[in-house]
Amino acid sequence: MAEAETKDPEETRDFIRDIVRADLAEGRCDSVVTRFPPEPNGYLHIGHAKSICLNFGVAAEFAGRCHLRFDDTNPAKEEHEYIDSIQEDVRWLGFDWGRHIYFASDNFETLYGWACHLIRNGHAYVDDLSAEDTRKFRGTLTEPGKNSPFRDRPADENLDLFARMRAGEFPDGARTLRAKIDMASGNINLRDPVLYRILRAAHPRTGDSWCIYPTYDYAHGQSDAIEGVTHSLCTLEFADHRPLYDWLIDNLPTPSRPRQYEFSRLNLTHTVLSKRRLTLLVKEGHVAGWDDPRMPTLAGLRRRGVPPAAIRDFTRRIGLTKSDNTVEVAALEHCIREHLNRTAARRLAVLRPLKITIENYLEGQSEELEALNNPANPDAGTRQIPFSRELYIDRADFMEEPPKKFFRMSPGREVRLRYAYFVTCREAVKNEAGEVIELRCTYDPLTRGGNAADGRKVKGTIHWVSAAHALTAEVRIYDHLFARPDPGAEGDFLDGINPQALGVLQDCRLEPALGEAPAGEAIQFEREGYFCLDPDSKPGHAVFNRTIALRDSWAKTKGGK
RNA sequence: UGGGGCGUAGCCAAGUGGUAAGGCAGCGGGUUUUGAUCCCGCGAUCCCAGGUUCGAUCCCUGGCGCCCCAGCCA
């Protein structure tokens with residue numbers, strides 16, 4: 001039922017799928033092999049979801065396969081925690097790499113041998129230039145670089161030096177292995193790019209068995225070739241690297257010839273999607289962690305209660321092109337509401353309780369009323385909700401002096417309590433400070449279930465909960481992490497953090513059926529939004545996260561006035 | 001004054017020599033025991049200027065604008 005998702009190659013069309021389709025049709029490859037290649041130096045976010053859905057999606061649609069490969073070539077930044085979280089997040093998103101999990105580090109020995117191959121053919125050399133001098137020799141965007149004085153060392157000397165780099169004879173940064181291409185190229189990536197650097201750092205997988213590590217440019221394409229990847233899909237900023245990608249494949253005895261294609265990365269309003277910035281938010285404590293529900297990380301979205309199917313649908317709807325784009329969060333929010341509306345069970349919960357007393361309802365009496373679990377889905381069945389003399393309604397549903405078009409409770413007005421009775425507010429009781437602390441009401445016994453025997457109508461329907469039967473809970477309300485749509489467009493992006501992004505309501509009252517809510521399951525609190533139980537919950541202290549509010553056109557009219 | 005990429009509605013995005021899909025947002029209206037959902041309706045001198053053509057968003061030429069690249073990060 002939730003399978004509105006397509007497996008038909010004709011359904012989703014974009015320039016990448018067109019290329020794959022043509023390659024298959026014209027025999028340039030027998031089957032398609034893609035890969036999702038994260039570096040384990042942070043948590044996955046919704047931008048990665050776009051790439052994951054593309055790579056695994058294309059593989060599934062064309063009956064190929066998609067590998068999960070970790071580009072673990074920089075032990076200075078990588079951690080095992082990330083290797084684990086990435087796998088968990090990809091699985092949660094709904095994808096399965098089967099036995100095809102790989103690590104660039106598995107290829108270190110092969111890569112080393114191929115580097116020697118490059119040296120022997122005069123395609124690479126050991127350079128003694130410091131990092132600073134390397135930069136100086138590289139030239140600028142408009143001026144060509146200069147050849148390193150070490151550029152023309154004989155192959156034997158290079159081979160010897162390279163072996164000694166590996167053996168640990170030189171300090172970090174003392175030498176590099178560079179491809180010998182063209183220091184005058186307009187493409188800076190071709191100005192003798194570094195292939196290996198000396199770096200003494202414990203690697204999450206190879207430990208301290210290496211002190212030289214291949215760079216991305218050297219490891220990535222070769223890993224693709226070793227795995228038999230046919231279509232290496234990456235984001236636009238790597239387009240400049242493609243000539244180098246191809247040059248390496250051309251000059252190495254790789255078992256296959258992968259092709260790289262680039263698409264534009266996702267940008268979303270009201271949040272940040274750069275690993276650097278997300279890491280900063282976590283490390284500096286601006287959020288509670290990578291899985292903070294305000295974060296655009298998959299872990300954060302999961303904890304927030306966003307269904308993975310909504311994310312998949314979102315990535316499909318935004319399309320795939322090479323144009324820079326910033327998608328409005330509203331588009332994501334739409335997908336979330338759409339999926340939740342179909343699946344979430346409905347419950348009544350009062351977030352800001354205001355007590356009301358039904359004066360003509362007998363003290364000590366109570367009854368059970370039947371309520372639909374999901375009006376959109378009859379199969380979801382019904383449940384019983386207790387009703388009694390003392391109830392809670394939301395403070396926002398009462399106004400002593402209501403403006404025009406306010407359909408909720410106010411003195412003298414009759415409204416419907418959902419699934420219960422019509423009630424009329426007779427009096428607002430105030431404290432010394434003049435604040436309304438209780439409403440005295442009467443009910444019409446002939447409206448049980450919410451329909452009047454005489455057919456009279458009522459403008460508003462509000463939710464409620466029986467005071468004596470209610471559960472109390474904490475509810476966390478989330479808003480956009482950044483108030484501006486474009487954080488950091490001017491000044492430090494951290495200054496744009498929305499202080500209102502997290503709001504905590506401590507004294508919420510829930511209908512009893514909510515006592516059985518399993519963690520993570522989406523529930524609609526009627527007239528409020530979609531919520532799910534947070535793992536912070538303890539016995540006797542439930543904590544709910546608001547995944548997303550229901551659309552609220554009343555707030556719009558009210559605010560627009 | 002180098003190299004690469006991109007310019008179709010507020011935001012995504014199809015299309016392609018014959019006169020502009022769809023989604024999101026917005027705005028109106030209808031249904032409604034969630035002011036939700038659902039349903040209906042409304043928006044484009046296709047970056048600009050020349051040229052080719054019976055006809056150009058699409059082809060050609062020249063502009064303009066935006067993004068990326070000078071890590072021993074990925």
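Trainee: Is there a simple way to think about the sheet that holds strand β11 (residues 349-350) in this case?
Mentor: Backbone-to-backbone hydrogen bonds join strands into a sheet, with any given pair of strands oriented parallel or antiparallel. On the basis of which strands lie adjacent, the open sheet formed by 7 strands has the order β10-β23-β24-β25-β21-β22-β11 and mixed pairing. Of all strands in the sheet, those with a lone pairing partner are β10 (345-347) and β11, marking the two edges. Note: strand β21 (residues 471-478) against strand β22 (residues 502-510), 7 bridges, orientation antiparallel. Following the sheet pairing, isoleucine 477 is matched in β22 by glycine 503. Sheet strands touched by helix α12 (residues 329-343): β10, β24 (529-533) and β25 (542-549). Its angle to β25, the strand with the most contacts, is close to 120°.

Trainee: Help me out: how do you make sense of the protein's contact with RNA strand B in this one?
Mentor: Inspection of the region around RNA strand B gives 66 residues, with Arg408, Arg418, Gly449, Gln524 and Ser553 positioned closest. Each atom of RNA strand B within 4 Å of the protein was classed as base or backbone; sugar and phosphate made up 63%. Side-chain polar atom of asparagine 74 to a sugar or linking oxygen of RNA strand B: 3.1 Å apart, as the coordinates give it. Backbone polar atom of alanine 131 to a base nitrogen of RNA strand B: 2.9 Å apart, as the coordinates give it.

Trainee: Explain the layout of surface pockets here, please?
Mentor: Empty pockets left among the atoms are what a rolling probe the size of a water molecule brings to light. Its boundaries defined by the atoms lining it, the largest pocket holds a volume of some 1,100 Å³. As for the largest pocket, its lining consists of 37 residues, of which Glu39, Asn41, His48, Phe238 and Lys275 are closest to the centre. Those elements that place two or more of their residues in the lining of the largest pocket are β1 (33-36), α2 (46-61), α7 (216-227), β8 (231-235) and α9 (275-283). The element best represented in the lining of the largest pocket is α9, accounting for 4 residues.

Trainee: Explain the pairing of strand β5 (residues 176-179) here, please?
Mentor: Looking along a regular strand, one sees side chains alternate from face to face of the sheet. Across the two faces of β5 the burial is the same, with Thr176 and Arg178 and Leu177 and Ala179 all buried. Judged from the 4 bridges that link them, strand β4 (residues 124-127) and β5 form a sheet pairing that is antiparallel. Counted as the bridge partner of alanine 124 is alanine 179 from β5. Summarising the sheet, β5 and strand β6 (residues 194-198) pair through 3 bridges and their orientation is antiparallel. Bridged to arginine 178 within β6 is valine 194.

Trainee: Explanation requested: the packing of aromatic side chains in the structure shown.
Mentor: Each aromatic ring pair is summarised here by two numbers: the centre-to-centre distance and the angle between the ring planes. Taken as a whole and assessed by the stated rule, the structure comprises 22 aromatic pairs. Where tyrosine 421 meets tyrosine 443, the ring centres are 4.8 Å apart and the plane angle is 80°; that geometry is what we call edge-to-face. Of this pair, tyrosine 421 sits in the loop between β16 (414-417) and β17 (422-430) while tyrosine 443 sits in strand β18 (residues 436-443); the two residues are 22 residues apart in sequence, bridging distant segments of the chain. Among the aromatic residues, those joined into a cluster by ring pairs are Phe108, Tyr112, Phe162, Tyr196, Trp210, Tyr213 and Tyr218. For lysine 146, the ring lying beneath its charged end belongs to phenylalanine 137, and the centroid distance is 5.2 Å. The ring centre of phenylalanine 407 lies 4.6 Å from the NZ or CZ of lysine 459, which sits over that ring.

Trainee: Even after reading the chapter, I still don't get empty space enclosed by the protein, so can you show me in this structure?
Mentor: All told, the structure shown has 2 cavities of 30 Å³ or more when counted by the stated rule. Its volume calculated, the largest cavity comes out at about 270 Å³. Arg294, Leu301, Arg304, Val329 and Leu332 are, among the 21 residues lining the largest cavity, the residues nearest its centre. When residues in the lining of the largest cavity are grouped by element, the largest group, 4 residues, is from α12. Across the lining of the largest cavity, the residue classes tally to 12 nonpolar, 5 polar and 4 charged. When its volume is computed, the second largest cavity comes out at roughly 40 Å³. In terms of lining residues, the second largest cavity is bounded by Tyr216, Asp217, His220, Gly221, His241, Leu244, Tyr245 and Gln260. Those elements that provide at least two residues to the lining of the second largest cavity are α7 and α8 (242-251). For the lining of the second largest cavity, the element with the most residues is α7, which contributes 4 residues. Looking at side-chain class alone, the lining of the second largest cavity contains 3 nonpolar, 4 polar and 1 charged residues.

Criteria and thresholds
- Residues numbered from 1 in each chain as written.
- Chains lettered and ligands numbered in written order.
- Predicted model: local features only at pLDDT ≥ 70, side-chain atom pairs only at ≥ 80, totals over all residues.
- Heavy atoms only, no water.
- Pairing = 2+ DSSP bridges.
- Helix = DSSP H or I, 4+ residues; strand = E, 2+ residues; numbered from the N terminus.
- Contact = heavy atoms within 4.5 Å.
- Axes fitted to C-alpha atoms, helices over the stretch in contact; angles between N-to-C directions.
- Near = heavy atom within 4 Å.
- Polar contact = N/O pair within 3.5 Å; in protein donor to acceptor, adjacent residues only side chain to side chain.
- 1 Å grid on protein atoms, 1.4 Å probe; cavity = no way out; pocket = protein on both sides within 12 Å on 5 of 7 lines; lining within 4 Å.
- Points joined across faces, edges and corners; volume = space filled by probe spheres on them.
- Buried < 20%, exposed > 50% of the residue type's maximum accessible area, 1.4 Å probe, protein only.
- Phe/Tyr/Trp six-rings, centres within 6.5 Å; stacked < 30°, edge-to-face > 60°.
- Lys NZ or Arg CZ within 6 Å of the ring centre and 35° of its normal.
- Nonpolar A, V, L, I, M, F, W, Y, C, P; charged D, E, K, R; others polar.

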